[in-house]
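Summary of the model geometry
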Amino acid sequence: MDIRGRNNVTVTGRENAPVLMLAHGFGCDQNMWRLVVPELAKDHRVVLFDYVGSGRSDLSAWSEDRYASLDGYARDVVEICEELDLRDVVFVGHSVSAMVGVLAAAAAPGRIGSLVMVGPSPCYIDDAGYRGGFSAADIDELLESLEANYLGWSAAMAPVIMGNPDRPELGEELTNSFCATDPDIARVFARTTFLSDSRGDLRGVTVPTLVLECSQDAIAPREVGAYVHAAIAGSTLVTLDATGHCPQLSAPEATAGAILAFVRTLR
């Protein structure tokens, strides 16, 4: 199988430098990282990719069975690392990809050397003693709306997720990214994302980890960041002075700076 073509893998930055692997979230693709890549690539090798079903990936490789769980996405990550023979990678996962990184690190020790979780959420649904940000009814309604009218859902939800109403162009970009995804594939990825519960996997994380949250985030409230930080022994929690769920677009300089500051502590 052509792994590079399947996941539209692109590599940039310095040859033979430490590797940063950037993984996008639901409804997005590697283009979402474009504002932070120039800074990260100055002293690092940067690997970008699209999950199967997203961006310019090979849609013929998509399988509902494989991508109905986060394990399928983690297998993509591991296979890319094996294809490029990557070791000790700093895996930077946005949103649901933060939990994909947790699974990939467990599945391929030595390949993933550290984790950067950008707006992570191990579980979106509130539970006893846990605030995920949504009730079970909220998530049911969200998924029903998405399945009934994906384009309408995208236009309504993207600005809420982006969370910068004074910069409507950001919400429009996310809307366009959502709308570029095949609705049937998006339906499966959404259910995989919003119904997942990775809380039990967090305590198994043994690699250095940065939890990077925004001061205001409608998708991953600060209680979630605190939970993830507490669950992963030795992790670092950094709160960006930024709003919304996509700081790599709304606050790229601060996001890149926080990632690089963490990476420097690994040397």
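In what follows, the structure referred to is the one given above.
All figures in this text were calculated on a predicted structure; none of them were measured in a lab.

**Re the sheet that holds strand β3 (residues 45-48)**
Spatial strand order, β1-β3-β2-β4-β5-β6-β7: seven strands in an open sheet with mixed pairing. Each edge of the open sheet carries a strand with a single partner, namely β1 (10-13) and β7 (236-243). Across this sheet, the average inter-strand angle for adjacent strands is 20°, counted without regard to direction. Of the pairings in the sheet, the one linking strand β5 (residues 112-118) to strand β6 (residues 209-216) comprises four bridges and is parallel in character. When the sheet's bridge partners are listed, V118 is paired in β6 with L212.

**Quick notes on the side chain of N8**
Inspection of the secondary structure puts N8 in the loop between α1 (3-6) and β1. Taking the relative accessible area as the measure of exposure, N8 reaches 18% and is therefore buried. Sequence-distant contacts of N8, that is, excluding residues within four places in its chain, are made with Q30, L48, F49, D50, R56 and S57.

**Observations concerning the packing of helix α3 (residues 70-83) against helix α4 (residues 96-107)**
Packing of α3 against α4 leaves a shortest axis separation of 8 Å and a crossing angle of 65°. In terms of crossing hand, the pair formed by α3 and α4 is right-handed. Residues L70, D71, Y73, A74, V77 and V78 of α3 pack against V96, M99, V100, L103, A104 and A107 of α4. In the contact of α3 with α4, the residues fall into eleven nonpolar, no polar and one charged.

**Focus on the side chain of R45**
Within the secondary structure, R45 is located in strand β3. From its side chain, R45 meets the backbone oxygen of G13 in a polar contact 2.7 Å long. Excluding residues within four positions of it along the chain, R45 makes contact with V11, T12, G13, R14, E15, A17, P18, V19 and L20.

**Thoughts on the pairing of strand β4 (residues 89-94)**
Within β4, six of the six residues are buried, which leaves it mostly tucked inside the rest of the structure. Neither face of β4 is open: one carries V89, F91 and G93, the other V90, V92 and H94, and all of them are buried. By the bridge criterion, four bridges tie strand β2 (residues 19-23) to β4 in an arrangement that is parallel. Its bridge partner being in β4, A23 is matched across the sheet by G93. Here β4 pairs with β5 via six bridges, running parallel. Of the residues in β5, the one forming a bridge with V92 is V116.

**A short note on the nonpolar core**
Nonpolar side chains in soluble globular proteins tend to end up buried together. Core analysis: the biggest nonpolar cluster contains 68 residues, and M21, F26, V77, I112, M117, L174 and F178 have the highest contact counts within it. Among the elements that take part in this core, α4 stands out by supplying eight residues, more than any other. Aside from chain neighbours lying at most four places away, what touches M117 is G93, A98, M99, V102, L202, T209, L210, V211, L212, V228 and I232. Counting residues in each nonpolar core, the second largest holds 25 residues, with L20, L40, L48 and V263 among its members.

**A short note on unusual backbone geometry**
Phi is positive for N16, which is not a glycine, with a value near 55°. Backbone geometry places D88, a non-glycine residue, at a positive phi of 55°. Along the chain, D88 turns up in the loop between α3 and β4. You can call D88 exposed: its relative accessible area is 55%.

Conventions and cut-offs
- Residues numbered from 1 in each chain as written.
- Predicted model: local features only at pLDDT ≥ 70, side-chain atom pairs only at ≥ 80, totals over all residues.
- Heavy atoms only, no water.
- Pairing = 2+ DSSP bridges.
- Helix = DSSP H or I, 4+ residues; strand = E, 2+ residues; numbered from the N terminus.
- Axes fitted to C-alpha atoms, helices over the stretch in contact; angles between N-to-C directions.
- Buried < 20%, exposed > 50% of the residue type's maximum accessible area, 1.4 Å probe, protein only.
- Contact = heavy atoms within 4.5 Å.
- Left-handed = near helix turned anticlockwise from the far one by under 90°.
- Nonpolar A, V, L, I, M, F, W, Y, C, P; charged D, E, K, R; others polar.
- Polar contact = N/O pair within 3.5 Å; in protein donor to acceptor, adjacent residues only side chain to side chain.
- Core = buried A, V, L, I, M, F, W, Y, C linked by side-chain atoms within 4.5 Å.

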